[in-house]
Protein chains: 2
Amino acid sequence: MDVLNLRWWGWGTLDQSYPLEGRTAFWPTLQAWLEIPEEWIAHETPPIPLEDISLRPPRLNPRQFSALHKLLSENAVRTDQRARIEHAYGKAYRDLVRLRAGHVPYPPDVVVYPDDEAQIASLLAWAADNDVAVIPFGGGSSVLGGVEPPADDRLIITLDLARLDRVLSVDTTSRTARIQAGATGPELEAQLNAQGFTLGHFPQSFEFSTLGGWIATRSAGQNSIGYGKIEHMTQAVRVITPIGILETKDTPATAAGPSLLQLLLGSEGTYGVITEATMRIHPLPQAQDYRGILFHSLEDSVAAFRDLMQHRQLHPAIIRLSDAPETAAYAVMGHEHHGLRRLADTLLERYLKMRGYDLTTGSTLMLLGFEGDTPWVARQWNVALEICADYGGLSLGQTVGRSWRRERYAQPYLRDTLLGHGIMVDTLETATTWSNLLNLYTAMVQAMKKSITENGGGPGYVMTHVSHAYAQGASLYSTFLGRQVADPDPLAKQAQWQAVKRATTDAILAAGGTLTHHHGIGRDHAPWLEEEIGPGGMQVLRALKSTLDPAGIMNPGILLQS
Amino acid sequence: MDVLNLRWWGWGTLDQSYPLEGRTAFWPTLQAWLEIPEEWIAHETPPIPLEDISLRPPRLNPRQFSALHKLLSENAVRTDQRARIEHAYGKAYRDLVRLRAGHVPYPPDVVVYPDDEAQIASLLAWAADNDVAVIPFGGGSSVLGGVEPPADDRLIITLDLARLDRVLSVDTTSRTARIQAGATGPELEAQLNAQGFTLGHFPQSFEFSTLGGWIATRSAGQNSIGYGKIEHMTQAVRVITPIGILETKDTPATAAGPSLLQLLLGSEGTYGVITEATMRIHPLPQAQDYRGILFHSLEDSVAAFRDLMQHRQLHPAIIRLSDAPETAAYAVMGHEHHGLRRLADTLLERYLKMRGYDLTTGSTLMLLGFEGDTPWVARQWNVALEICADYGGLSLGQTVGRSWRRERYAQPYLRDTLLGHGIMVDTLETATTWSNLLNLYTAMVQAMKKSITENGGGPGYVMTHVSHAYAQGASLYSTFLGRQVADPDPLAKQAQWQAVKRATTDAILAAGGTLTHHHGIGRDHAPWLEEEIGPGGMQVLRALKSTLDPAGIMNPGILLQS
């Protein structure tokens, strides 16, 4: 990341925010749902000014400082307050709580910006020789502590890949592109779009996350149904490890033993630095047609979702099904002139009620989208609407789709607003098979609600969507909101959040869900990894770590706790 | 494998063979192509009788024998000549050459048939304690020495999974099935078909290979374009290793670190015994419509193939493109009343010649198939035929498709006939991107032809098809034929074959192809593995091996040479 105007204490850039104008129902609704006092809404607590944060001095001696300057180019070694704070945390709730309060006890000592692979290799060799920890850093949007330095005596270098941001080549015949790992979503899409292609990977963090980060964490974009998860898009990868370069072959498939490619995907910077990848790309679609479909219940809509995914002839780009609480949130808290809120305010609402739908109680909203040639998209819609109708689904048209697309990357900005008003907000995600989906949904939501209340969060509000689906199952993604504990200590707020996280994660695993479908392990999921993959799996990961990073310098404490 | 009437010295069962009746042009054509003497055709050399093979006695002492009997059920411990010979080799050319001559210096000492996972776990524990090597055995159809015992002082047990042949459960909601690893293709398809489903995995070895073998070697079925390669079909796997059970989670996807599932896929029995897997299944298709399309040249037909694969709306079940030599072989050597041969013999041939096609010189034949609902299949054909026509493709209709399907599993039987007449025949396969495909094709075919001639094989005949394709590239699969060296010593014949294999594999890797797309590594590809995956990749595989199989008892010499 090398972005001007970055909101160091929150999401994105300072010129962007989640606008609350035109959303008159927003605060009153939230006040009712979360039972927050009037004065919390009236008063916004700003983050501490950057210069007021007392940071430990960089622990570099002059010899180390000069070594780094020799290894890297000019302006590539930063030890200033802003650089170190911008690289101290990811963008999880607990990160922002600590940042806003200026609690940054373990910032990296230095942030470096290598120009190329040779500099990275030299840097890792030097770090291994000098017992220096290295944290690869893409967009820094991890929500699991994946770029957070350990509380360690070692010197800590954060290696920012911002300067490796190019699409190196496009093979239009084979529909692949070699792309450098530090390219952000907009950077790589702009370069691919110029040649008529897209990668098709649009996670919510799209604007500020990088290809290398996506690969390192097994990311999934919002259009993963149409374009695949990052592990399906990645054809080959190059990683500079402390023991040398690992490069997998540029081939669509191979039977040459266990998959090294699939080992490096999800390695979270703990084996080395991903420098580039050969990615599968797609021609830009002629048409993108996203619509909202309203269902009477979660059961009906999940059944419709499954049918859409298992239909041999349908190939949606995106399906996202909001449960009733999330549908209500869209309907009540949206902008008056857009999307569901606009529909809710018009005469349509009476019509919907007559037909048995209710946007604020039991109905569920599906966002369904197709991308491709215009006539094909139209034919897909015909089939899809028939299936939806079988389950009582009613098309609300493209208004809802347009509204969702307008705000697809905006929600993280809202989080900063909520934090300023004493509201705890975070997301958890998992995946399972269709036959276990409603069971897992119930277990997850119940655990979340119960633990919010038990930990001083008030009644709380939990809203969930089903997305990133497959013929065999889908992911569940829940957002929870509650009142922050009054204690101004960020660690008290962190402890409150931690309790909810712990209870919910325990419940997810007990109900057969996977520990994570697309956020990764990082620091926060590491305590559960053994429950997910078993003691044998842990032995495998430990062996991989000690083989590829014998000195243990790469992103310590991530994936494996020690 | 626990099949009655097995052809221990060749392919399949004794009641089946590749019939040469009705193929009057077969021998004359082959004689002309390979320049083989008339007497080779007249005279067939039979394999040595089973009982004439002198086998070293089983190296089990009474204590070991009684230990095995305690660990396993009745009739589950075999040391008879037939069992040991049937498990001594896979089904590669070099295996059959040695078997036919009765050259079996290193048979397993004992073949065991465990009933369940508990027996397998006990057996591995006992083997690790007693330094006994264990070779997991599914169908034994490896063509790379994957089930061949090492020339080792240790006692060698071949662990045949024949008794683990059940579909344990079918989750019709999630479209998955838990299947035991020892189930052969027909066994598992019969059980799935009974519930209206298919796995969709049909390798040429289908009748005699097993799920566990497919997973262990990253197999691809003939319909891999429609249903995926085995690594795309496998949702979860269970492996009993010497250090315990590794089981991956039954989830359609996860971000919980590096993929253990994709490590176990392709592990070739060297980490443990695959006992069951959760597989993605599909409803049986209503229609299967396979047709032949004739093109003027390889270049045209590869371009059409690529367009078919990259078309957003087309979803073929199978595409297989034969180059001119393979097309000629089908046309000349086929059955008079079937397929291309029948067409060639009718007036159609004059029509084709008028249109510029020639079945015996430059034209190439594509087999293209769609599976699904009847009207959808018809619409797919409309689109596909338009694309083919753009490249000069002419539909020959369903005759060719039917003929191919009739003989889809028959060709390995022909190999036994050829071997009886002094003909060397084997296959090699690789994969690459579309942009490199013709380059790799040329390099591979030239290396093969040159090395056949240089190694006393005469002019040789090489025929190739492009199949198992992706939007990004495809596999190449070549069959080569030549005259065997006259030396009756099977090791001389093996050396001749080895020289061709070596030269071709070197050429494949030099031209950017992968070492193997779906046969695996086994013993024969192991010398090239480092060239494929690099020294770092080798270190990773060695670490995995020593972690999961610290005593080194599992399938020694496979994947890693030592």
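Details of the structure are given in the entry above.
Residues numbered from 1 in each chain as written. Chains lettered and ligands numbered in written order. Predicted model: local features only at pLDDT ≥ 70, side-chain atom pairs only at ≥ 80, totals over all residues.

**Here's the deal with the overall build of chain A**
Argument step 1. Across its full length, chain A holds 21 helices and 18 strands.
Argument step 2. At 23 Å, chain A has a C-alpha radius of gyration in line with the 24 Å of a compact globule built from 562 residues.
Argument step 3. Its C-alpha atoms give chain A principal-axis dimensions of roughly 75 × 60 × 45 Å.
Argument step 4. Looking at chain A residue by residue over its 562 residues, the buried ones come to 57%.
Argument step 5. Residue pairs at least 24 apart in sequence account for 76% of intrachain contacts in chain A once pairs closer than 6 positions are excluded. (Helix = DSSP H or I, 4+ residues; strand = E, 2+ residues; numbered from the N terminus. Rg over C-alpha atoms; globule rule 2.2 N^0.38 Å. Buried ≥ 20, exposed ≤ 12 C-beta atoms within 10 Å, placed from the backbone. Contact = placed C-beta atoms within 7 Å.)

**Looking at the relation of the copies chain A and chain B**
Argument step 1. Superposing chain A onto chain B takes a rotation of 180° combined with a translation of 0.0 Å along the rotation axis, leaving an RMSD of 0.0 Å. The relationship between the two copies is best expressed as a two-fold rotation axis.
Argument step 2. Here 100% of the interface residues in chain A have copies in chain B that are interface residues too; the copies meet face to matching face. (Least-squares fit on C-alpha atoms with pLDDT ≥ 70 in both.)

**Points about the interface of chain A and chain B**
Argument step 1. Across the contact, 70 residues belong to chain A and 70 residues belong to chain B.
Argument step 2. A per-element tally of the side of chain A that touches chain B places helix α21 (residues 529-548) of chain A first, with 14 residues.
Argument step 3. Here the side of chain A that touches chain B is composed, by residue class, of 27 nonpolar, 33 polar and 10 charged. (Nonpolar A, V, L, I, M, F, W, Y, C, P; charged D, E, K, R; others polar.)

**What about the packing of helix α19 (residues 437-454) of chain A against helix α20 (residues 490-510) of chain A?**
Residues and elements named next belong to chain A.
Argument step 1. It is at 8 Å that the axes of α19 and α20 come closest, and there the two elements cross at 160°. Accordingly, the angle class assigned to the pair α19 and α20 is roughly antiparallel. The handedness of the crossing between α19 and α20 is right-handed. For the pair α19 and α20, the contacting residues are Leu-440, Ala-443, Met-444, Ala-447, Met-448, Ser-451 and Ile-452 in the first and Ala-499, Val-500, Ala-503, Thr-504, Ala-507, Ile-508 and Ala-510 in the second.
Argument step 2. A class-by-class count of the residues in the contact of α19 with α20 yields 12 nonpolar, 2 polar and no charged. (Axes fitted to C-alpha atoms, helices over the stretch in contact; angles between N-to-C directions. Parallel < 35°, antiparallel > 145°, perpendicular 65-115°, else oblique. Left-handed = near helix turned anticlockwise from the far one by under 90°.)

**A few points about the sheet that holds strand β1 (residues 77-78) of chain B**
All names here are of chain B.
Argument step 1. If you trace the 4 strands from one edge of the open sheet to the other, you get β1-β2-β4-β3, paired in mixed fashion. Looking at which strands have only one partner, the edges of the open sheet turn out to be β1 and β3 (133-137).
Argument step 2. Alignment of strand β2 (residues 110-112) against strand β4 (residues 156-160), held across 3 bridges, turns out to be parallel. Bridging from a neighbouring strand, Val-112 pairs with Leu-159 of β4. (Pairing = 2+ DSSP bridges.)

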